[in-house]
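Now for the letters of each chain:
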Amino acid sequence: MVIVPEGAIADLIDADASFEAVESVFAAMSRGDAYNFPVIREAIGHEDALYGFKGGFDKSGMALGLKAGGYWPNNLEKRGLINHQSTVFLFDPDTGKVKAMVGGNLLTALRTAASSSVSIKHLSRPDSKVLGMIGAGHQATFQLRTALKHRNFEKVIGWNYHPDMLPNIEKIATEAGLPFEAVDLPGMVEADVIISITSAFSASLMADHVSPGTHIAAMGTDTKGKQEVDAALVASATVFTDEVAQSISIGEAQHAIAAGTIKESDIAEVGAVINGTHKGRTSDDEITLFDGTGVGLQDLAVAAKVVDLAVEKGVAQRVDF
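Everything numeric here is computed off the predicted structure, so don't read it as measured data.

Parameters at a glance
Residues numbered from 1 in each chain as written. Predicted model: local features only at pLDDT ≥ 70, side-chain atom pairs only at ≥ 80, totals over all residues. Heavy atoms only, no water. Helix = DSSP H or I, 4+ residues; strand = E, 2+ residues; numbered from the N terminus. Rg over C-alpha atoms; globule rule 2.2 N^0.38 Å. Buried < 20%, exposed > 50% of the residue type's maximum accessible area, 1.4 Å probe, protein only. Contact = heavy atoms within 4.5 Å. Areas by Shrake-Rupley, 256 points an atom, 1.4 Å probe, with all protein chains shown as cover. Lys, Arg positive; Asp, Glu negative; His and termini not counted. Charge placed at Lys NZ, Arg CZ, Asp CG, Glu CD. Axes fitted to C-alpha atoms, helices over the stretch in contact; angles between N-to-C directions. Parallel < 35°, antiparallel > 145°, perpendicular 65-115°, else oblique. Left-handed = near helix turned anticlockwise from the far one by under 90°. Nonpolar A, V, L, I, M, F, W, Y, C, P; charged D, E, K, R; others polar. Core = buried A, V, L, I, M, F, W, Y, C linked by side-chain atoms within 4.5 Å. Polar contact = N/O pair within 3.5 Å; in protein donor to acceptor, adjacent residues only side chain to side chain. Expected span 1.5 Å × (residues − 1). Phe/Tyr/Trp six-rings, centres within 6.5 Å; stacked < 30°, edge-to-face > 60°.

(A) Quick peek at the overall build of the protein chain. Scanning the protein chain from terminus to terminus reveals 11 helices and 18 strands. By the compact-globule yardstick of 20 Å for 321 residues, the protein chain fits well, its C-alpha radius of gyration being 19 Å. Oriented by its inertia axes, the alpha-carbon framework of the protein chain measures out at about 55 × 40 × 40 Å. Classification of the 321 residues of the protein chain by burial places 55% in the buried group. Once local pairs closer than 6 in sequence are excluded, the contacts in the protein chain between residues at least 24 apart make up 70%. About 13,400 Å² of surface is accessible on the protein chain, with carbon and sulfur atoms providing 52% of the total. Averaging the coordinates of the 26 positive side-chain charges in the protein chain and doing the same for the 41 negative ones gives two points 4 Å apart.

(B) Geometry of the packing of helix α4 (residues 105-123) against helix α11 (residues 296-312). Where α4 contacts α11, the axes come no closer than 9 Å and their chain directions differ by 120 degrees. By the angle class used here, α4 and α11 are oblique. Handedness of the crossing formed by α4 with α11: right-handed. Within the contact between the two elements, α4 uses L107, T108, R111, T112 and S115 and α11 uses Q298, D299, V302, A303 and V306. Taken together, the residues of the contact of α4 with α11 break down into four nonpolar, four polar and two charged.

(C) Just the nonpolar core, in detail. Grouped together as the largest cluster of nonpolar side chains are 64 residues, with contacts concentrated most on V4, I13, F26, V102, L131 and M133. Those residues in contact with I13, other than ones at most four positions away along the chain, are S18, L107, L110, V302, K305, V306 and L309. Among the nonpolar cores identified, the runner-up in size contains 26 residues, and W159, L233, A237 and A256 belong to it.

(D) Here's a closer look at the side chain of S124. Within the element layout of this structure, S124 appears in the loop between α4 and β8 (130-134). The buried category is assigned to S124, whose relative accessible area is 4%. Polar contacts involving the side chain of S124 include one to the main-chain carbonyl oxygen of I120, which spans 2.6 Å. A polar contact of 3.0 Å, which involves the side chain of S124, links it to the side chain of R151.

(E) How the structure looks around helix α2 (residues 15-31). Here α2 spans 24 Å end to end across 17 residues, near enough to the 24 Å set by a 1.5 Å rise per residue. Along α2, the residues that are buried comprise A15, A17, S18, F19, A21, V22, E23, V25, F26, A27, A28 and M29. Once α2 ends, the next one or two residues include G32, with phi positive near 85 degrees.

(F) How the structure looks around the packing of aromatic side chains. Here the structure, examined in full by the defined rule, presents five aromatic pairs. Relative to Y161, the ring of W159 lies with its centre 4.7 Å away and its plane at 65 degrees, an arrangement referred to as edge-to-face. Owing to a relative accessible area of 15%, W159 belongs among the buried residues under this scheme. Following the ring pairs from residue to residue traces out a cluster consisting of Y51, F53 and W72.

(G) Quick peek at unusual backbone geometry. The phi torsion at E47 lies on the positive side, around 60 degrees, for a residue other than glycine. Examined against the element boundaries, E47 turns out to sit in the loop between β3 (40-43) and β4 (50-58). Of note in the backbone geometry, D48 takes a positive phi value of approximately 55 degrees without being a glycine. Inspection of the secondary structure puts D48 in the loop between β3 and β4. The class for D48 is exposed, based on a relative accessible area of 61%.

See below:
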């Protein structure tokens, strides 16, 4: 078994490689070459934590496995640890033997950022100039860095439940040579692209906060009851997702589905846009929304890439198991 510890991953994979892995697996899902297993995600009744398992099998990339982990909201304040904690396990599809164990914390941030950026590449207007960020935590910095690679943004605006955290994303904008402005939520009307990356259970982004032609990437924690985007806004948008089953059960679409304002058939896979079997955005005035639910296949794709790179560079740890 190959072990790639958390501390080794930053030197092995970057945002570009993560983007390619995620874009490829979304395309494979839409072709029917890869599928996710049902998600288990539960409140454990300790430390307010959410814990679960996501897995799947990519027949084209021969990646089989799961990610175990979740969200511990008190970690940063109590222990100086990031709130998201996870580990990825890969198995040999031919034999079922465990193949690799890979630290999942950085990979989660990279694959989540890659997912929203795949949607930005394929669904946002090419002339998008203003990027709006809702959320300024650890993962928001990855979201912003990766998004800036895919459109020629000229300004970043941001809002967070705790404004004292906004310097986290202001720093990234400044490093990229872009002006940053803290705004109230109604100020998001200036944005051409909005990324929401929070753990909220009540909507913050409302329909009157969004201008025609905006692309929204809703990337926050997905579980039953979570909500970042108002259901009326979801209903007014053209909705895309990584996996429809997760979108309607644990993603942003769950509330609009429950209200009867959209149907399951109204939601398209972003992989279909990548493959050219769905037209994607059809006009400059259309509001598009990507519900990024964080499928297990994303984790497997980037973890498999990390294992290959670790072996190639001679930094993989091997143990008999």
